[in-house]
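# Coordinates in review
The residues making up each chain are set out below.
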Amino acid sequence: VAGHVDTGKSTLMGQLLVKTGQIDQRTVRKYKRESEAIGKGSFFLAWCTDEDPEERAHGVTIDCAQKLIETATKRVTVLDAPGHADFV
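From a predicted model like this one, the values you see are computed outputs, not experimental measurements.

The next subject is the confidence of the model for the protein. Detailed reading of the predicted model is not advised wherever pLDDT is low. The predicted model of the protein averages 90 in pLDDT, with 97% of residues at 70 or higher. Ranking the elements of the protein by mean pLDDT puts strand β2 (residues 75-80) last with 91 and helix α2 (residues 25-37) first with 97.

Dropping the structure here:
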């Protein structure tokens, strides 16, 4: 997913991963609890792709993330990249 800084790319990817069943509800609840504990409660879905502690602490994507979405008939690889001009 490509786009400008702070447009919700990581959150969109997290939502997609959750909706397709790639991330279980227990993990989602854990991310929600942990993000709220550091004052970043609205970022919990982004944590599905932003796994680095620095990314989570600052609320920005620093590195590219690659995730696989598998359904009964398809395998889709999604990439989540920072929104800086060098990546867009």
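Let's shift gears to the pattern of salt bridges. Within this structure, the stated rule accounts for 4 salt bridges. Across the pair Lys32 and Glu36 runs a salt bridge, and its minimum N-O distance is 3.4 Å. In this pair, Lys32 and Glu36 both sit in helix α2, 4 residues apart, roughly one turn of the helix.

This paragraph deals with the packing of aromatic side chains. Going through the model one piece at a time under the given rule, you end up with 1 aromatic pair. Its guanidinium or amino end placed over the ring of Tyr31, Arg56 lies 4.8 Å from that ring's centre, counting from NZ or CZ.

Definitions and limits used
- Residues numbered from 1 in each chain as written.
- Predicted model: local features only at pLDDT ≥ 70, side-chain atom pairs only at ≥ 80, totals over all residues.
- Heavy atoms only, no water.
- pLDDT = per-residue confidence, 0-100.
- Helix = DSSP H or I, 4+ residues; strand = E, 2+ residues; numbered from the N terminus.
- Salt bridge = Lys/Arg side-chain N within 4 Å of Asp/Glu carboxyl O.
- Phe/Tyr/Trp six-rings, centres within 6.5 Å; stacked < 30°, edge-to-face > 60°.
- Lys NZ or Arg CZ within 6 Å of the ring centre and 35° of its normal.

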